[in-house]
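# Working through the structure, step by step
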Amino acid sequence: MDNKKESPLYVLLTNIAALFIMVLILAVFFLPFATVGFFLEGYPTVGWILLGILVALILFFVLFIKHGRKKRAAKEAEYRAKNIAEYESDGGRLGVLLLEYDSCKNTTALKNGFPAIFSEDETPCLVAYGERLEGRQVERIADRLLADREQIFEGIVRKLRSGGDAEPSGIKLDEISIEDGGTTVVGYFTLQGIPNNDIYTEVSYTVNKDGYKIELDYD
């Protein structure tokens, strides 16, 4: 635990910095109007001074933003160097898959190769939690979803009907989550062809067991 971040002095300095930034933002917003006003009222000297201050503030914000981006990029690069490992794994009919393992979070993300199954334009992200994923696992997930895509779509339609919702013209797989040590697979879908669609669908199954659990989430 970082005691510095919880100290009263740190909190005070943080609040002062936030207040300072807020004042600068307000100054940048109002200075152009004040500058034009002084020029129109016949006070060009004051106008030029305010204009110089405005330019200086704009440069400050540009440099501040660039510095923040560089700092975040450096932290991300440092994190990746310490915790991220990319590797290739045989995905069977899917070919050689590129995966990325995060040793800090103990998660694996698929970087390429998952086929479009439910919609031509879908490119679902796939993340495994609590394990280092292998390509053959990805292949088995793709094969099962492909074999059962009609069953999954019909199950979603039945679930919607039971709640009195409109039927979609199709579904799109957005995300796949592998959980419980690789035994549970969860697919997150959006529905297509429904006006003002705010219903999200979660379809899960247990590896080596038939059947699917379908849940609807209303935004």
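Residues numbered from 1 in each chain as written. Predicted model: local features only at pLDDT ≥ 70, side-chain atom pairs only at ≥ 80, totals over all residues. Heavy atoms only, no water.

The subject of this paragraph is the overall build of the protein. Per the secondary structure count, the protein includes five helices and eight strands. N-terminal to C-terminal, the α/β element order of the protein is α-α-α-β-β-β-β-α-α-β-β-β-β. Relative to the compact-globule value of 17 Å for 219 residues, the protein shows a C-alpha radius of gyration of 27 Å, a clear excess of over 25%. By residue count, 32% of the 219 residues in the protein fall in the buried class. Looking at the protein, you have 24 positive and 32 negative side-chain charges, and the mean spots of the two groups are 7 Å apart. (Helix = DSSP H or I, 4+ residues; strand = E, 2+ residues; numbered from the N terminus. Rg over C-alpha atoms; globule rule 2.2 N^0.38 Å. Buried < 20%, exposed > 50% of the residue type's maximum accessible area, 1.4 Å probe, protein only. Lys, Arg positive; Asp, Glu negative; His and termini not counted. Charge placed at Lys NZ, Arg CZ, Asp CG, Glu CD.)

Here the focus is the pattern of salt bridges. On inspection of all chains with the given rule, the structure shows 10 salt bridges. In this structure, R136 engages D90 in a salt bridge whose closest nitrogen and oxygen atoms are separated by 3.1 Å. Placement of R136 in helix 4 (residues 135-147) and of D90 in strand 1 (residues 84-90) is noted, with a sequence separation of 46 residues between them. Given a relative accessible area of 39%, R136 falls into the partly exposed group. Overall, the relative accessible area of 41% leaves D90 in the partly exposed class. (Salt bridge = Lys/Arg side-chain N within 4 Å of Asp/Glu carboxyl O.)

Within the secondary structure, P124 sits in the loop between strand 3 (107-110) and strand 4 (125-129). Spatially, the C-alpha atom of P124 lies 7.3 Å from that of F114, the residues being 10 residues apart in sequence. Aside from chain neighbours lying at most four places away, what touches P124 is F114, L173, D174 and E175. (Contact = heavy atoms within 4.5 Å.)

What follows covers the environment of R132. Structurally, R132 can be placed in the loop between strand 4 and helix 4. Between the C-alpha atom of R132 and that of G181, which follows or precedes it by 49 residues, the distance is 9.6 Å. Beyond its immediate stretch of four places on either side in the chain, R132 contacts Y87, Y101, T108 and Q137.

Among the nonpolar cores identified, the biggest contains 33 residues, and F114, L145 and I152 are the most heavily contacted of them. Elements that contribute at least two residues to this core include exactly strand 2 (96-102), strand 4, helix 4, helix 5 (149-162), strand 5 (170-179), strand 6 (184-192), strand 7 (199-206) and strand 8 (213-218). Each residue touching L145, except ones within four places of it in the same chain, is listed here: F114, I117, F118, I152, L173, I176 and Y205. L24, L50, L54 and L57 belong to the second largest nonpolar core, which has six residues in total. (Core = buried A, V, L, I, M, F, W, Y, C linked by side-chain atoms within 4.5 Å.)

This part takes up the pairing of strand 7. Sheet topology note: the strand 6/strand 7 ladder contains seven bridges and is antiparallel. In the strand pairing of strand 7, V185 is matched with Y205. Note: strand 7 against strand 8, six bridges, orientation antiparallel. Each residue of the ladder has a partner; that of T201, found in strand 8, is L216. Once strand 7 ends, the chain turns through six residues before running back antiparallel as strand 8, passing N208 with a positive phi of about 70°. (Pairing = 2+ DSSP bridges.)

Moving on, we come to the packing of helix 2 (residues 8-40) against helix 3 (residues 44-83). Put simply, helix 2 and helix 3 touch, their axes get as near as 9 Å, and they point 150° apart. If you check the angle between helix 2 and helix 3, you find them roughly antiparallel. Pair helix 2 / helix 3 crosses with left-handed handedness. Residues I21, L24, I25, A27, V28, L31, P32, A34, T35, F38 and F39 of helix 2 form the contact with helix 3, whose participating residues are P44, V46, G47, W48, L50, L51, I53, L54, L57, F60 and F61. When the residues that make up the contact of helix 2 with helix 3 are grouped by side-chain class, the tally is 20 nonpolar, two polar and no charged. (Axes fitted to C-alpha atoms, helices over the stretch in contact; angles between N-to-C directions. Parallel < 35°, antiparallel > 145°, perpendicular 65-115°, else oblique. Left-handed = near helix turned anticlockwise from the far one by under 90°. Nonpolar A, V, L, I, M, F, W, Y, C, P; charged D, E, K, R; others polar.)

This part is about the confidence of the model for the protein. Scored by pLDDT, the protein comes out at a mean of 88, with 97% of its residues at no less than 70. Across residues 1-5, confidence stays below pLDDT 50; counting only partners more than four residues off in sequence or on other chains, it has four contacts. (pLDDT = per-residue confidence, 0-100.)

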